[in-house]
Amino acid sequence: GVKQGPLAVITNALMPAVLVEVGFLTNREEEILLTERTFQENAATAMASAIREFLRRYPGGEYGSDRGGGNP
């Protein structure tokens, strides 16, 4: 799910920022999963798709500041 919080890596950014957690190294099963190439490729593809969809819905200037943005 989506959660919001005052995390330093997000609140101190000088640009729009998102923190994505795909697993935890302290969880043995997730640690193994994170080393698998297929999982890495699927996670990267899903994140890229989500970013593209965000930019499609909110082209440059329509979300927050009018600086930057636009479709790649």
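Everything that follows concerns the structure shown earlier in this document.
Here the structure is a predicted model, which means the values were calculated and not measured.

Chemist: Where do I start with the overall build of the chain in this structure?
Modeler: Check the secondary structure of the chain and you find three helices and zero strands. When the elements of the chain are put in sequence order from the N terminus, they spell out α-α-α. Scored against the burial criterion, the 72 residues of the chain give a buried share of 4%. For the chain, the accessible area works out to roughly 6,600 Å², and carbon and sulfur atoms hold 56% of it.

Chemist: How do you make sense of the pattern of salt bridges when you look at a structure like this?
Modeler: Two side chains of opposite charge can pair, provided their charged atoms sit close to one another. The tally for this structure, following the rule as stated, stands at four salt bridges. The residue Arg-28 makes a salt bridge to Glu-31 at a minimum N-O spacing of 3.0 Å. Note that Arg-28 and Glu-31 are positioned in helix α2 (residues 28-34) at a spacing of three residues, about one turn of the helix. Residue classification places Arg-28 among the exposed positions, given a relative accessible area of 55%. When the shortest N-O distance is used, the salt bridge between Glu-53 and Arg-57 registers 2.8 Å. One end of the pair, Glu-53, and the other, Arg-57, are both in helix α3 (residues 37-57), four residues apart, so they sit about a helical turn from each other. Judged by its relative accessible area of 28%, Glu-53 is partly exposed. Given a relative accessible area of 52%, Arg-57 falls into the exposed group. Where salt bridges share partners, they join Glu-53, Arg-56 and Arg-57 into one cluster.

Chemist: Can you help me understand a nonpolar patch on the surface in this one?
Modeler: Taken together, the side chains of Val-18, Val-20, Val-22 and Met-47 present a nonpolar region at the surface, about 350 Å² in accessible area. On the basis of relative accessibility, which here comes to 71%, the residue Val-18 falls in the exposed class.

Chemist: Looking at this structure, I do not really get the packing of aromatic side chains. What am I missing?
Modeler: A ring pair, where both rings are aromatic, is described by two values, the distance of the centres and the angle of the planes. Evaluation of the coordinates by the stated rule reveals one aromatic pair. Taking the centre distance of 5.1 Å and the plane angle of 40° together, the rings of Phe-54 and Tyr-58 count as tilted. When its relative accessible area of 35% is taken as the criterion, Phe-54 is described as partly exposed. Among the residues examined, Tyr-58 registers a relative accessible area of 34% and is labelled partly exposed.

How each quantity is defined
Residues numbered from 1 in each chain as written. Predicted model: local features only at pLDDT ≥ 70, side-chain atom pairs only at ≥ 80, totals over all residues. Heavy atoms only, no water. Helix = DSSP H or I, 4+ residues; strand = E, 2+ residues; numbered from the N terminus. Buried < 20%, exposed > 50% of the residue type's maximum accessible area, 1.4 Å probe, protein only. Areas by Shrake-Rupley, 256 points an atom, 1.4 Å probe, with all protein chains shown as cover. Salt bridge = Lys/Arg side-chain N within 4 Å of Asp/Glu carboxyl O. Patch = residues over 30% accessible without salt bridge, like charges linked within 9 Å, V, L, I, M, F, W, Y side chains within 5 Å. Phe/Tyr/Trp six-rings, centres within 6.5 Å; stacked < 30°, edge-to-face > 60°.

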